[in-house]
Every structure is written in C-alpha cells, then in structure tokens.
Number of protein chains: 2
Amino acid sequence: MQPASLLSRFLPYQLSLASNAVSGRIAMEYRQRWGLSIPEWRVMAVLGDAGAMTQRDLTKRTLMDKVAVNRACKVLEERELAQRAPNEQDGRSHLLELTENGKAMHAEIMPLALEMEAKLFEGFSHDELELFRALLERARSMAEEMSGEDLSKGNYGLK
Amino acid sequence: MQPASLLSRFLPYQLSLASNAVSGRIAMEYRQRWGLSIPEWRVMAVLGDAGAMTQRDLTKRTLMDKVAVNRACKVLEERELAQRAPNEQDGRSHLLELTENGKAMHAEIMPLALEMEAKLFEGFSHDELELFRALLERARSMAEEMSGEDLSKGNYGLK
DNA sequence: ACTGGCTGGTTGCATAAGCAACTACTTCTA
DNA sequence: TAGAAGTAGTTGCTTATGCAACCAGCCAGT
C-alpha cells in the first residue's frame, strides 16, 4: 500500500508531491469560490498589492511565462476584474489595474490565502518555517545555477 | 527586478517555484542523457528497486495516475528497457520487469539521481534535511486531509 | 455455472502550458 | 533622422496530462 521504496525517500520526489498537493488544494479553493486559476490569482495578488503595472512588470513579479501572464490578464479583463489603461511612456504596452470589482475580490482573496497558508503549516515554529524557506530557496538556486537557465517553466534545456 | 511583494513570501508559491526548478533540472538531465521523462524514470526506479510488478502496483508505488504509468510502461517496452510477462494470478494484467538493457540503465541512473540530490541539498545538515522532509510530509497530508481527496494530479475537485 | 458488480488496463478527448513566430512600437547608432 | 536592432504583447502550434468511457477478466451471491 505505502511506497516503501528508495523513490519515496528521494527528496525531489517528496518535494514534487508536496507541491502538487498544496497547489492542487489551493487551486481547488480559488476555482470553486471565485473561478480563478492560479495564474489569474497570482496576477490579481500582485496588482492588488503593488498597483497598476504592465504585463512585463507582471512577468517579472510573478516569474511566470509572459504568455501565461497575457492569458491571465485577458481573462481578468473579460471578467471586468482588471482593466487596461494606455501607457504614456510606451505605446506597445498598457497599464493594468484592478477595477472596483477586482479590488473587492482581492480584499476577499488575500485573507483566505494567508489563512490557508497558516493552516497548511500550522504546528511548526517560526524558526522551522524560516528554515523551510531557506531550504526551498537554496534548492531553487542550486537547480537554476547548475544550468544557468530558468528551468521553472518546462524548458528542459532542449531549445 | 526582484519580486519584493507579498506573493514572494507566500509559502505555497515558494514551494511551487522550488519544485518546478528542481523537477525541471532533473528532467533535463534524464532527458539529455537517456531520453527519459520523469514518469518513465520513476517507473524504472521502482522496477529496478523492487523487481517485477503490475501496473497497478506501480501506480501505488509511484503515486502517479494509472494513465501516466501505462504510457511510461509502453514507452519503456518499446525501447526494450522493460518487458511484460503474463501474470498467472490475474489474466487482466502483466508483470513488468526490466530487461538486461533496462537493468544496465538503472545501474547508471540511480547513482546520478543520488548525486543530484546531494548536490541540490548540500550544505544542510542531516537534521535540517529530516526537518525538511517532515515539513513536506506535513504540508502534503494537511493539503490532502483538508479535502479528503487526492489533489496531486490536477483534479481540482471539479468532477 | 450465471449474472452483476468490480477492477486492471487502454484509448480518446479536453485542457493547460510552453515555445516559436509575428506585429507594432521603441531605442540605439551612424 | 533613417535604418537596424531590440522589446512588449499576441497568436498558433505542439506537447503533456488528467479524466471519462470503455473492454476484458475477476469474483460474489445465488
């Protein structure tokens, strides 16, 4: 029943399982309550937190693919949660910002996010969580450093 | 340049970034060296570790979707890394086992896996790594427990 | 032994996500 | 200031991945 093999002790595997479970749980919550995907949620979180910005800024902030950002923005615009204003500085891009609807949703969304985070990691001390962050950060930087490329998006180095 | 927002402190987000980076790095390695995907690699790891078994056993051991297991097995069989023997106990299934080629590859693959794991997490003590495992395990069980379903495979509760 | 329900495996369909290519605009350089 | 080169955004294509549906073989209860 339980996988008692070498695989189950393999840390990258455990990391993948935990990430999938957590992401899946959160995705389900946002999808059921507000019909938002994770990319859409991330864009809303950043716009609500930092105010109007271009898609380029959003890709930097979220570390998502520019296509993912674009598609998320399109959906948010169609749902009238965000709107695009002309960018005076650069005619190629627009400034994205939350609408009143979007701001209202953002105000509901963030508390739930923090609540879920707290629930998922309850029972661990502040120090343990900081160590956890440090380990995650280190694993990520080691993985990226080993190849010099950004591996977070399915580009398996086979351009 | 750097994302200095609330999002970047959100633990599920950090977890996702780390997992993607690590998985991407490992996937690249296996793909470049042996042309194996992660599901294929996992199946080989389990078969090499625990010997012949059915696809059903493999889904239990790897915690992957049965379709993913099936497709991985099909590829391994076509590449003559694994073969299917009739299952005396149950006419619906077959027993999968590594071929000589498969065993030879397995013998190369596992050391590299452990080496990569060591590299990714070098600089942390044994205790820190055990705590890391515990945190990952806890996050996973909390996420699964919250919904009572298996969320690891993209089923976002919308059956 | 037969029938209904169950389970392992397989296939097809739908969706998500990434890359390449393209357009429109900007910026650099001569 | 004209042309070259670079960049933001967009669209289309390809691949990966999950679920639903299906088939074949197993196993109760009768």
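The structure presented is a predicted model; accordingly, all values stated were derived computationally and were not measured.

Reading the values: rules and limits
- Residues numbered from 1 in each chain as written.
- Chains lettered and ligands numbered in written order.
- Predicted model: local features only at pLDDT ≥ 70, side-chain atom pairs only at ≥ 80, totals over all residues.
- Helix = DSSP H or I, 4+ residues; strand = E, 2+ residues; numbered from the N terminus.
- Buried ≥ 20, exposed ≤ 12 C-beta atoms within 10 Å, placed from the backbone.
- Contact = placed C-beta atoms within 7 Å.
- Axes fitted to C-alpha atoms, helices over the stretch in contact; angles between N-to-C directions.
- Parallel < 35°, antiparallel > 145°, perpendicular 65-115°, else oblique.
- Nonpolar A, V, L, I, M, F, W, Y, C, P; charged D, E, K, R; others polar.
- UniProt positions renumbered as here; feature names shortened; annotations may be inferred.
- pLDDT = per-residue confidence, 0-100.
- Least-squares fit on C-alpha atoms with pLDDT ≥ 70 in both.
- Expected span 1.5 Å × (residues − 1).

### Details of the overall build of chain A
Item 1. If you tally the helices and strands in chain A, you get 6 helices and 2 strands.
Item 2. Each helix and strand of chain A, placed in order from N terminus to C terminus, yields the pattern α-α-α-α-β-β-α-α.
Item 3. The 159 residues of chain A split such that 36% are buried.
Item 4. For chain A, contacts bridging at least 24 residues in sequence account for 46% of all contacts bridging at least 6.

### Describing the packing of helix α2 (residues 38-50) of chain B against helix α3 (residues 55-62) of chain B
Residues and elements named next belong to chain B.
Item 1. Their axes nearest at 10 Å, the elements α2 and α3 cross at an angle of 105 degrees. Relative to α3, the element α2 is oriented roughly perpendicular. Every residue of α3 that contacts α2 at R42, V43 and V46 is listed here: L58, R61 and T62.
Item 2. A breakdown of the residues in the contact of α2 with α3 according to their chemical character gives 3 nonpolar, 1 polar and 2 charged.

### Thoughts on the UniProt feature "domain: HTH marR-type" (unreviewed entry) in chain A
Item 1. Residues given the UniProt feature "domain: HTH marR-type" (unreviewed entry) here are residues 8-141 of chain A.
Item 2. Between the first and last C-alpha atoms of residues 8-141 of chain A the distance is 23 Å; the span itself is 71% helix and 7% strand.

### What to know about the interface of chain B and chain A
Item 1. At the junction of the two partners, chain B supplies 59 residues and chain A supplies 59 residues.
Item 2. Going through the elements one at a time, α1 (11-34), α2, α3, α5 (100-120) and α6 (126-147) of chain B are the ones with two or more residues in the side of chain B that touches chain A.
Item 3. Counted by class, the side of chain B that touches chain A contains 34 nonpolar, 13 polar and 12 charged residues.

### A short note on the confidence of the model for chain A
Item 1. On average, residues of chain A carry a pLDDT of 89, and 89% of them reach 70 or more.
Item 2. Within the model, pLDDT remains below 50 along residues 148-159 of chain A, and this stretch shows 24 contacts once partners closer than five positions in the same chain are excluded.

### Here's the deal with the relation of the copies chain B and chain A
Item 1. With an axial shift of 0.0 Å and an RMSD of 0.0 Å, the rotation relating chain B to chain A amounts to 180 degrees. The superposition operator between the copies reduces to a two-fold rotation axis.
Item 2. Of all interface residues in chain B, 100% are interface residues in chain A too; the two copies therefore contact each other through one and the same surface.

### Comments concerning helix α2 (residues 38-50) of chain A
Because each turn of an α-helix spans 3.6 residues, side chains separated by three or four positions end up pointing in the same direction.
All names here are of chain A.
Item 1. With 13 residues, α2 should cover 18 Å at 1.5 Å per step; its first-to-last C-alpha distance of 18 Å lies within 8% of that length.
Item 2. Burial analysis of α2 places 11 of its 13 residues in the buried class, the great majority of the element.
Item 3. When α2 is considered as a whole, its buried residues turn out to be I38, P39, E40, W41, R42, V43, M44, A45, V46, L47 and G48.
Item 4. Residues of α2 that are buried in the fold lie against α1 (11-34), α3 (55-62), α4 (66-78), β1 (82-86), β2 (94-98) and α5 (100-120).
Item 5. G51 occupies a position one or two residues after α2 and carries a positive phi of about 85 degrees.

### Remarks on the environment of V69 of chain A
Residue and element names in this part refer to chain A.
Item 1. Considering the arrangement of structural elements, one finds V69 in helix α4.
Item 2. For V69 and Q55, which are 14 residues apart along the polypeptide, the C-alpha to C-alpha distance reads 6.7 Å.
Item 3. Each residue touching V69, except ones within four places of it in the same chain, is listed here: V43, Q55, L58, T59, T62 and M64.

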